Amino acid sequence: MPMLPARARRRGDHLRVALALVVTQGCAATFAPGRARVRDVDLRGVRAVPADELRAGIATQETSQWPAQRPRLLRWWRWWWVTPSYLDEAAANEALASARRAWDDGRGAWPTMRVGDRVACTRRFVDRMKKVREPVVRLLMWEIGKTRKDAETEFDRTVQYIDDTLEALKELDRNAGRFVVQEGFLAQIRRSPLGVVLCMGPFNYPLNETFTTLIPALVMGNTVVSKLPRYGALLHLPLLEAFASAFPPGVVNVVSGDGATVVGPMMRSGQIDCLAFIGTSRVANLLATQHPKPNRLRTITGLEAKNPAIILPDADLDVAIAECVSGALSFNGQRCTAIKQIFVH
């Protein structure tokens, strides 16, 4: 995987360095230190780095936005944060062009590959993904604020989801070899890829929900451009090498950045064949209407939900109340499956 050269310059009494990583036409990101020692997020995982190694090419960005009433004991700490480098319109269009070349009007190596071979590629990706479980879990905790248990659950659920998706794909492929008789007609139904798919997941489950859009599109033979959420982008960094080594060039393209800057130009180009989006209906409608041919754009969306809890007359009220509170406020309510309304008999 190519690595862009680090650029450093002095700023006051500390060093500021920009370091970017790219996979295919992929995702740029910067890394930052924490406290007196730094955490360097790289493809080998999360590790501690002495502060004097900052000059070796670790990106830094300092913040002094502590509460005014912070304890005197903690004032000597120097705190830092990590943010992804935002790509510009040119970089986003380059990622899209890479996906179009790999698609090649359905004649590319990936869309014409046998199902068994696509499954094998995805299995290789999963094997490499499992090896970086710990750094991905730590980044989920660090960036999104999840507990270790919740972060581990999200990672393990994602791996299980990929396995289940591959089993479903193999079942579809087996059924495609059969002929079906309906109302006097003999038919064989086979599924084919759609083209270039733009995949967008939310910040609250940035690994699992992003992969629920990316993996089905990928295994069906589409090429993808994955737009990472604003919060929850860094955890994808340990996975970039797995993508690059498991799939042909240009099949998986990862971009980060402001939506209006990177997503808008891609949609307006008309080169996106399918939009797989999890978020709000307002944003979904905004994206679809930017496409020059919105009626030809395939959309697969998971939008707002008004999940109800129903309390029946014979319910144990103590249990019902506890479950409703947990269902509504778990992860601060930042879940699409959170309870939004309660119907009491």
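Look a little higher up for the structure.
The present account deals with the structure reproduced in this document. (Residues numbered from 1 in each chain as written. Predicted model: local features only at pLDDT ≥ 70, side-chain atom pairs only at ≥ 80, totals over all residues. Heavy atoms only, no water.)

Topic: the pairing of strand E13 (residues 339-344)
Note the cut-off: Pairs of strands are assigned from DSSP output, requiring at least two bridges between the strands. Helix and strand definitions here come from DSSP, where helices need a minimum of 4 consecutive H or I residues and strands a minimum of 2 consecutive E residues; each element is numbered from the N-terminal end.
Sheet topology note: the strand E12 (residues 307-311)/E13 ladder contains five bridges and is parallel. Paired with Ile310 across the bridge in E13 is Phe343.

Considerations on the environment of Pro193
The following threshold applies: Throughout, a contact is declared for two residues whenever any of their heavy atoms are within 4.5 Å.
Within the secondary structure, Pro193 is located in the loop between strand E6 (185-187) and strand E7 (196-200). Once the C-alpha coordinates of Pro193 and Thr112 are considered, the two residues, 81 residues apart in sequence, prove to be 9.3 Å apart. Residues within four places of Pro193 in sequence aside, it is in contact with Trp103, Pro111, Met220, Gly221 and Asn222.

Things to note about the nonpolar core
For clarity, the cut-off: We define the nonpolar core as a collection of buried residues of types Ala, Val, Leu, Ile, Met, Phe, Trp, Tyr and Cys that are connected through side-chain atoms lying within 4.5 Å of one another. Burial classification: accessible surface area is computed with a 1.4 Å probe over protein chains only, and a residue below 20% of its type maximum counts as buried, one above 50% as exposed, and the rest as partly exposed.
Among the nonpolar cores identified, the biggest contains 47 residues, and Phe125, Met129, Phe211 and Phe247 are the most heavily contacted of them. For this core, the secondary-structure elements that each account for two or more residues are helix H2 (115-131), helix H3 (133-144), helix H4 (148-176), E7, helix H5 (208-219), helix H6 (237-246), strand E9 (252-255) and strand E10 (274-278). Apart from the residues within four sequence positions on either side, Phe247 is in contact with Trp110, Cys121, Thr122, Phe125, Leu218 and Val252. Counting 23 residues, the second largest nonpolar core, distinct from the first, contains Val225, Val263, Leu287 and Ala288.

Observations regarding a nonpolar patch on the surface
We apply this condition: Note on patches: the residues involved have over 30% relative accessible area and no salt bridge, like charges join within 9 Å, and the nonpolar side chains Val, Leu, Ile, Met, Phe, Trp and Tyr join within 5 Å. Areas reported here follow the Shrake-Rupley algorithm with a probe of radius 1.4 Å; residue values treat only the protein chains shown as occluding. Definition used for salt bridges: Asp or Glu carboxyl oxygen within 4 Å of a side-chain nitrogen of Lys or Arg.
A contiguous nonpolar patch, built from Leu317, Ile321, Val325 and Leu329 and spanning about 400 Å² of accessible area, is present on the exposed surface. In this fold, Val325 is placed in helix H9 (residues 317-329). Taking the relative accessible area as the measure of exposure, Val325 reaches 45% and is therefore partly exposed.

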